[in-house]
Amino acid sequence: IWPDRSDLYNACAPFTDPAASDDCVSEAADALLNDLELYDDPRQGHGSWLFPNELTIAYDLATKLHSATADEPMENWGKILLRHPLWCDIRSDAQELHRLTLRNGQGSPNKVR
């Protein structure tokens, strides 16, 4: 089991909750953009903790998150995201990525049975 894979799954979870708080959304965006570096290095998980059918959606999500939060201090990310015009698309991408990580399971794509 790859810890980054678990982090990806958990970071997408708040976006599936229609009642997610500003803080939860902010922490999730921080995990996706800073901890997992999905925007800065979107292919770094390919072949280990990121499955081929997740690559495009992960990059799309990261691009939208980065666009919405680029000029904002991190402590405001949750408030900014929940009110941003891209919110519906961000939420949809995160929900799809969450669904894919659940369906694809844990571990390396090379070791999935």
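Residues numbered from 1 in each chain as written. Predicted model: local features only at pLDDT ≥ 70, side-chain atom pairs only at ≥ 80, totals over all residues. Heavy atoms only, no water.

**Q** Would you mind going over the overall build of the protein chain with me for this structure?
**A** Helices and strands together make up the secondary structure of the protein chain, namely five helices and zero strands. For the protein chain, the succession of helices and strands along the chain, N to C, is α-α-α-α-α. For 113 residues, the compact-globule estimate of 2.2 N^0.38 gives 13 Å, and the protein chain sits close to it at 13 Å. When the backbone C-alpha atoms are referred to their principal axes, the protein chain occupies close to 40 × 25 × 20 Å. Counting only residues that meet the buried cut, the protein chain has 39% of its 113 residues in that class. (Helix = DSSP H or I, 4+ residues; strand = E, 2+ residues; numbered from the N terminus. Rg over C-alpha atoms; globule rule 2.2 N^0.38 Å. Buried < 20%, exposed > 50% of the residue type's maximum accessible area, 1.4 Å probe, protein only.)

**Q** What am I meant to see in the packing of helix 3 (residues 55-69) against helix 5 (residues 87-104) here?
**A** Packed helices, taken two at a time, are described by the angle between their axes plus the distance between the axes. Direction vectors running N to C along helix 3 and helix 5 enclose 150°, while the axes themselves pass 9 Å from each other. The element helix 3 and its partner helix 5 pack so that their crossing is left-handed. Judged by residue contacts, Ile57, Ala58, Asp60, Leu61, Lys64, Leu65 and Ala68 of helix 3 engage Asp89, Ile90, Asp93, Ala94, Glu96, Leu97 and Leu100 from helix 5. Looking at side-chain class alone, the contact of helix 3 with helix 5 contains nine nonpolar, no polar and five charged residues. (Axes fitted to C-alpha atoms, helices over the stretch in contact; angles between N-to-C directions. Left-handed = near helix turned anticlockwise from the far one by under 90°. Contact = heavy atoms within 4.5 Å. Nonpolar A, V, L, I, M, F, W, Y, C, P; charged D, E, K, R; others polar.)

**Q** Explain unusual backbone geometry to me, please; I cannot follow it from the model alone.
**A** Residues other than glycine predominantly adopt negative phi, and peptide bonds predominantly adopt the trans conformation. Its identity is not glycine, yet Glu37 carries a phi of approximately 55°, on the positive side. Inspection of the secondary structure puts Glu37 in the loop between helix 2 (22-35) and helix 3.

**Q** Where do I start with the environment of Ala29 in this structure?
**A** By the element assignment, Ala29 lies in helix 2. On the basis of relative accessible area, Ala29 is assigned to the buried category, the value being 0%. For the pair Ala29 and Leu65, spaced 36 residues apart in sequence, the C-alpha to C-alpha distance is 7.0 Å. Residue contacts for Ala29: discarding those within four places in its chain leaves Phe15, Asn34, Leu65, Trp77 and Leu81.

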